[in-house]
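This is what each chain is made of:
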Amino acid sequence: MNRILLKFIGLVIVGVWTMFLIYVFKVASPSSPSSSSSSSASSAAISSSFSSLFSVRRNHKALIRPGLQEPHKKDKILCWVLTAPKFLDNRAKAVKNTWGKRCDKTLFFSSAANASFPTIGLNVSEGRDALPNKTIRAFTYCYENYGQDFDWFMKADDDTYVIVENLRKFVSNYSSSDPIYFGHNFYKYFKQGYMSGGAGYVLSKEALRVFVTKGVAKTKPVCHIQDVRNEDILMGACMEKLAVKAIDTVDEYQRERFLPLDLIEYTVTGFPFWLPDYSKFKPKLVSI
């Protein structure tokens, strides 16, 4: 009696599992095979169901019914990296081989073009004083060539590391149609401060548009770059004049998402004395 009961329970489980696979297959495939399909076709259908079910993390479209929208919009991010000829084989190469791959597009700008790397030449000299011109020309290039193709435009140096997945999640909470930008806020000189160049910063599509077409326009520009030596201060002054809003990027515990210094300065040697004075959200030393 017990054996008969166990067989019955086993058959019920197999039947329920088979019906489940058939249902999954119908959801995953809009053109399921007809009842006259051969056994080999049926086996392929079940195999396809397993594939769709277990690849859902990799390709969540597999189990979305035809006609339904994807649950989350994926904003497209263009990352551009400022480098120099002497750093192509080390710093720039490291970016290219790591986090640069995870942006939707990554461009490298330098004082001179390099077709093999490749880098886009900005036809300016090297040195800190050239950073404002480099930045303006790079953002202008991005706008003129990709302004309509991407939602967010991130400027980074070649010694910056970005966790692109976290950045993508963060910007998904905002609209790129709004004139906004993100970064580590140095709360100095301007009403809304300015974003640290060392930490990298991100402009929305609309912020990029007004920066290029109004801020640094060829005729009657709103921003005057000849008055500023530091690129990040230039951007802060220009963003404020253009009414581009600086968005706070700390989390609910006021922990920074954009870090302007090396990690070792936050964890081992201690951050420099000037950082609390500059940062809008004051860093704190904690004991572990």
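In what follows, the structure referred to is the one given above.
Read on for an overview of the structure. As the structure is a prediction and not an experimental result, all values here were calculated from the model.

Some remarks on the overall build of the chain
- Scanning the chain from terminus to terminus reveals nine helices and nine strands.
- Evaluated residue by residue, the chain yields a buried proportion of 40% over its 288 residues.
- For the chain, long-range pairs separated by at least 24 residues make up 67% of all intrachain contacts whose partners lie at least 6 apart in sequence.
- Of the roughly 17,600 Å² of accessible surface on the chain, 56% is carried by carbon and sulfur atoms.

Re the state of the cysteines
- This model, assessed by the stated rule, comprises two disulfides.
- Note on cysteine connectivity: cysteine 79 is disulfide-linked to cysteine 103, with sulfurs 2.0 Å apart. Torsion about the S-S bond of the cysteine 79 and cysteine 103 cystine: about -85°, corresponding to left-handed handedness. On the criterion of sequence distance, the pair formed by cysteine 79 in strand S1 (residues 77–82) and cysteine 103 in the loop between helix H3 (88–97) and strand S2 (105–110) is long-range, its members being 24 residues apart.
- Overall, the relative accessible area of 1% leaves cysteine 79 in the buried class.
- Residue cysteine 103 is classed as buried on the basis of its relative accessible area, which comes to 7%.
- With a sulfur-sulfur separation of 1.8 Å, cysteine 223 is cross-linked through a disulfide to cysteine 238. Across the S-S bond of cysteine 223 and cysteine 238 the torsion is about 85°, and the bridge reads as right-handed.

What about the packing of aromatic side chains?
- Here the structure, examined in full by the defined rule, presents 19 aromatic pairs.
- When the ring of phenylalanine 186 is compared with that of tyrosine 278, the centres are 5.5 Å apart and the planes differ by 75°; the resulting orientation is edge-to-face. Here the residue phenylalanine 186 occupies a position in strand S6 (residues 185–186), and tyrosine 278 occupies one in helix H9 (residues 275–278), the gap between them amounting to 92 residues.
- For phenylalanine 186, a relative accessible area of 6% gives the class buried.
- Chaining the aromatic ring pairs together yields one cluster made of Trp80, Phe109, Phe139, Tyr141, Tyr201 and Phe211.
- Across the ring face of phenylalanine 87, the terminal group of arginine 91 is positioned such that the distance to the ring centre comes to 3.9 Å.

Quick notes on the rules
Residues numbered from 1 in each chain as written. Predicted model: local features only at pLDDT ≥ 70, side-chain atom pairs only at ≥ 80, totals over all residues. Heavy atoms only, no water. Helix = DSSP H or I, 4+ residues; strand = E, 2+ residues; numbered from the N terminus. Buried < 20%, exposed > 50% of the residue type's maximum accessible area, 1.4 Å probe, protein only. Contact = heavy atoms within 4.5 Å. Areas by Shrake-Rupley, 256 points an atom, 1.4 Å probe, with all protein chains shown as cover. Disulfide = S-S within 2.5 Å. Phe/Tyr/Trp six-rings, centres within 6.5 Å; stacked < 30°, edge-to-face > 60°. Lys NZ or Arg CZ within 6 Å of the ring centre and 35° of its normal.

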